[in-house]
Amino acid sequence: MAKTLKPGDKVKWDTSQGETHGVVEKKQTTDTKIKSHPVKASKDDPQFIVKSEKTGAKAAHKSDALKKG
């Protein structure tokens, strides 16, 4: 699914609290940090920065953890 997600797409993912909904902000292809948490990403293994609709918190997820919706 990595090639089909783009900024602005609505997505959902599973958390320990249940399903969470949010919006893709960007495709991350280099290492970065979100609130001091390291995010390992590369062109061959990108992650997607998503923003939770409920809390506004940002997180990084691999494409296989995200579903459109």
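Everything discussed here concerns the structure shown above.
Residues numbered from 1 in each chain as written. Predicted model: local features only at pLDDT ≥ 70, side-chain atom pairs only at ≥ 80, totals over all residues. Heavy atoms only, no water.

1. Considerations on the sheet that holds strand β7 (residues 67-68)
Link 1 in the chain: Read across the open sheet, the 5 strands follow the order β6-β5-β2-β1-β7; overall the sheet is antiparallel. What marks the edges here is a single partner per strand, and that holds for β6 (58-61) and β7.
Link 2 in the chain: Sheet analysis places strand β1 (residues 10-15) next to β7, joined by 2 bridges and oriented antiparallel. Bridge pairing in β7 places Lys 12 opposite Lys 67. (Pairing = 2+ DSSP bridges. Helix = DSSP H or I, 4+ residues; strand = E, 2+ residues; numbered from the N terminus.)

2. A short note on the layout of surface pockets
Link 1 in the chain: Space inside the largest pocket adds up to approximately 260 Å³.
Link 2 in the chain: If you trace the largest pocket, you find 13 residues lining it, with Thr 15, Gln 17, Thr 20, Ser 52 and Thr 55 closest to the centre.
Link 3 in the chain: Those elements that provide at least two residues to the lining of the largest pocket are β1, β2 (18-28) and β6.
Link 4 in the chain: For the lining of the largest pocket, the per-class residue count stands at 3 nonpolar, 7 polar and 3 charged. (1 Å grid on protein atoms, 1.4 Å probe; cavity = no way out; pocket = protein on both sides within 12 Å on 5 of 7 lines; lining within 4 Å. Points joined across faces, edges and corners; volume = space filled by probe spheres on them. Nonpolar A, V, L, I, M, F, W, Y, C, P; charged D, E, K, R; others polar.)

3. With respect to the pairing of β6
Link 1 in the chain: Of the pairings in the sheet, the one linking strand β5 (residues 47-52) to β6 comprises 4 bridges and is antiparallel in character. By the bridge assignment for β6, Phe 48 is matched with His 61.
Link 2 in the chain: Counting the residues that bridge the hairpin from β5 to β6 gives 5 residues, and of these Gly 56 lies at a positive phi of roughly 80°.

4. Re the pattern of salt bridges
Link 1 in the chain: The final tally for this structure, using the stated rule, is 5 salt bridges.
Link 2 in the chain: One salt bridge in this structure joins Asp 9 and Lys 6, with 3.4 Å as the shortest N-O distance.
Link 3 in the chain: Residue Lys 40 is joined to Asp 31 by a salt bridge in which the shortest nitrogen-to-oxygen separation is 3.8 Å.
Link 4 in the chain: Accessibility expressed as a relative area gives 47% for Asp 31, which makes it partly exposed.
Link 5 in the chain: When salt bridges with common partners are traced through the structure, they connect Lys 6, Asp 9 and Lys 68 into a single cluster. (Salt bridge = Lys/Arg side-chain N within 4 Å of Asp/Glu carboxyl O. Buried < 20%, exposed > 50% of the residue type's maximum accessible area, 1.4 Å probe, protein only.)

5. Here we look at the nonpolar core
Link 1 in the chain: Formed by Leu 5, Val 11, Trp 13, Val 24, Phe 48, Val 50 and Leu 66, the largest nonpolar core amounts to 7 residues.
Link 2 in the chain: Of all the elements in the fold, those that place two or more residues in this core are β1 and β5.
Link 3 in the chain: When residues no more than four places from it in sequence are discounted, the contact partners of Val 24 are Lys 6, Pro 7, Gly 8, Asp 9, Val 11, Phe 48, Ile 49 and Val 50. (Core = buried A, V, L, I, M, F, W, Y, C linked by side-chain atoms within 4.5 Å. Contact = heavy atoms within 4.5 Å.)

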